[in-house]
Amino acid sequence: MDWQELSGSWVLIPSRPIGIVHFLGGAFIAAAPQVTYRWLLEQLGRQGYLVVATPFINTLDHVAIAREVLNRFETTLDRLKATRLLKKQYLPIYGVGHSMGCKLHLLIGSLYSVERAGNILISFNNYPAKQAIPFLEQFNVLDQLTFLKQLNIKPAFDVEFTPSPQQTNELIAQQYAVRRNLLIKFVNDEIDQTAILSPVLQQRFPNMVVLQMLPGNHLTPLGQDVNWKTGDAFTPFDAIGQWMKQGVYRDLNRLKLEIIRWLNPLAVG
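This section reports on the structure supplied with the text. If you're wondering where the values come from, they're calculated on a predicted model, not measured in any experiment.

Take the overall build of the protein next. When helices and strands are tallied, the protein shows nine helices and eight strands. Burial statistics for the protein: of 269 residues in total, 47% are counted as buried. Relative to all contacts within the protein whose residues are 6 or more apart in sequence, the contacts with residues 24 or more apart total 77%. Total accessible area on the protein is roughly 14,200 Å²; 55% of this is exposed by carbon and sulfur atoms.

Here it is, written out as structure tokens:
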């Protein structure tokens, strides 16, 4: 399988797809998901899932981003069927998101009528803009002073995402319609807010939400396959390299297995 760019998304097409995964990555690393999340997404492709990874650029308007990535995803599916790269047959569609990508899938499932067999939400966070974007307040101060001081207009410093974290939580609690969900939290992830999301979804869909605590940190899904080659003689540097690789891939492989097991319990023995 090779990555193909199609209608604004990057696509992996297995020979006989058993399902479709729509992937959305984290803020500031989502512009090239086929690169930053390559290993994990290609593992899903090898399991038979057609992967549509939609890039996006983060702005303050998260509703607009959610609408845009959904439109591109649906356009990509239409294009795949029109070009016969994908047969016109039913395949379950799963949303998979990391970090901000979780919020976008939650907004899509709350604001738009979409058919999803389930969502996998990895390292969810929903921080206010001033916490999520370093130095936002300072930059805003400079902008306000530059453009508004001469007009005698009092600067406003309450820049926030749309919807705000509180509004997002309320939308999910009242309107989120994707019943089956896998929530993944890493043990060493200090910015994860899955503990806030989990009871909201559990209350909305009892017995349909699974929470998995896994070893790793917020960057675990971005792990890549580094081919460490040893020389004729095994040196201490080779030992360090192998040790680092084993640690990274132990967590990454555990993540892959949990995702595959949830998608298809029969796929993992």
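Moving on to the packing of aromatic side chains. Evaluation of the coordinates by the stated rule reveals five aromatic pairs. Residues Trp-39 and Tyr-249 carry aromatic rings whose centres are separated by 6.0 Å and whose planes lie at 55 degrees to one another, so their mutual orientation is tilted. Highlighted residues: Trp-39 in helix α2 (residues 38-46) and Tyr-249 in helix α9 (residues 236-263), separated in sequence by 210 residues. Aromatic side chains Tyr-94 and Trp-262 sit 6.1 Å apart centroid to centroid with 70 degrees between the ring planes, which places their arrangement in the edge-to-face category. Of this pair, Tyr-94 sits in strand β5 (residues 93-98) while Trp-262 sits in helix α9, and the two are 168 residues apart along the sequence. In this structure Trp-262 comes out as buried when scored by relative accessible area, which is 8%. Taken together, Tyr-49, Tyr-94 and Trp-262 form an aromatic cluster joined through their ring pairs.

With respect to the helices and strands, Arg-38 occurs in helix α2. Remark: the alpha-carbon pair of Arg-38 and Gly-223, spanning 185 residues in sequence, is separated by 8.5 Å.

The strands making up a sheet associate through hydrogen bonds between their backbones, and the pairing can be parallel or antiparallel. On the basis of which strands lie adjacent, the open sheet formed by eight strands has the order β1-β2-β4-β3-β5-β6-β7-β8 and mixed pairing. The sheet is open, and its two borders are formed by β1 (4-6) and β8 (209-214), each paired with just one other strand. Taking the axes of each pair of neighbouring strands and ignoring which way they run, one obtains an average angle of 20 degrees across the sheet. Examined bridge by bridge, strand β3 (residues 19-24) and strand β4 (residues 49-53) share five bridges and lie parallel to one another. The residue bridging Val-21 from the neighbouring strand is Val-51, located in β4. Helix α3 (residues 62-82) contacts β1, β2 (9-12), β3, β4 and β5 of the sheet and is inclined by roughly 145 degrees relative to β3. Sheet strands in contact with helix α8 (residues 194-204) are β6 (118-122), β7 (181-186) and β8, and its direction is about 160 degrees off that of β7.

For the rest of this paragraph, the subject is the packing of helix α7 (residues 165-175) against α8. The contact between α7 and α8 brings their axes to 9 Å, and the two run at 20 degrees. Considered as vectors, α7 and α8 are oriented roughly parallel to each other. The handedness of the crossing between α7 and α8 comes out as right-handed. On α8, the residues that touch Asn-169, Ile-172, Ala-173, Gln-174 and Gln-175 of α7 are Ile-196, Leu-197, Val-200, Leu-201 and Arg-204. In terms of residue class, the contact of α7 with α8 is built from six nonpolar, three polar and one charged.

With that out of the way, let us pick up the nonpolar core. Residues Ile-120, Ile-184, Leu-255 and Ile-259 are the most contacted members of the largest nonpolar core, which totals 28 residues. Elements with a contribution of two residues or more to this core: β3, α2, β4, β5, β6, β7 and α9. Other than its neighbours up to four places away in sequence, Ile-184 contacts Ile-120, Leu-121, Ile-122, Ser-123, Asp-192, Thr-194, Gln-212, Leu-214, Leu-255 and Ile-259.

With that settled, the discussion passes to the packing of helix α4 (residues 100-111) against α7. Axis separation between α4 and α7 bottoms out at 9 Å; the angle between their running directions is 45 degrees. The angle between α4 and α7 falls in the class oblique. Seen along the crossing, α4 lies across α7 with a hand that is left-handed. Touching Lys-103, Leu-106, Leu-107, Gly-109, Ser-110 and Leu-111 of α4 are Thr-168, Leu-171, Ile-172 and Gln-175, all from α7. Partitioning the contact of α4 with α7 into residue classes produces five nonpolar, four polar and one charged.

So, how was this worked out
- Residues numbered from 1 in each chain as written.
- Predicted model: local features only at pLDDT ≥ 70, side-chain atom pairs only at ≥ 80, totals over all residues.
- Heavy atoms only, no water.
- Helix = DSSP H or I, 4+ residues; strand = E, 2+ residues; numbered from the N terminus.
- Buried < 20%, exposed > 50% of the residue type's maximum accessible area, 1.4 Å probe, protein only.
- Contact = heavy atoms within 4.5 Å.
- Areas by Shrake-Rupley, 256 points an atom, 1.4 Å probe, with all protein chains shown as cover.
- Phe/Tyr/Trp six-rings, centres within 6.5 Å; stacked < 30°, edge-to-face > 60°.
- Pairing = 2+ DSSP bridges.
- Axes fitted to C-alpha atoms, helices over the stretch in contact; angles between N-to-C directions.
- Parallel < 35°, antiparallel > 145°, perpendicular 65-115°, else oblique.
- Left-handed = near helix turned anticlockwise from the far one by under 90°.
- Nonpolar A, V, L, I, M, F, W, Y, C, P; charged D, E, K, R; others polar.
- Core = buried A, V, L, I, M, F, W, Y, C linked by side-chain atoms within 4.5 Å.

The quantities given are spatial measurements derived from coordinates; they are silent on function.
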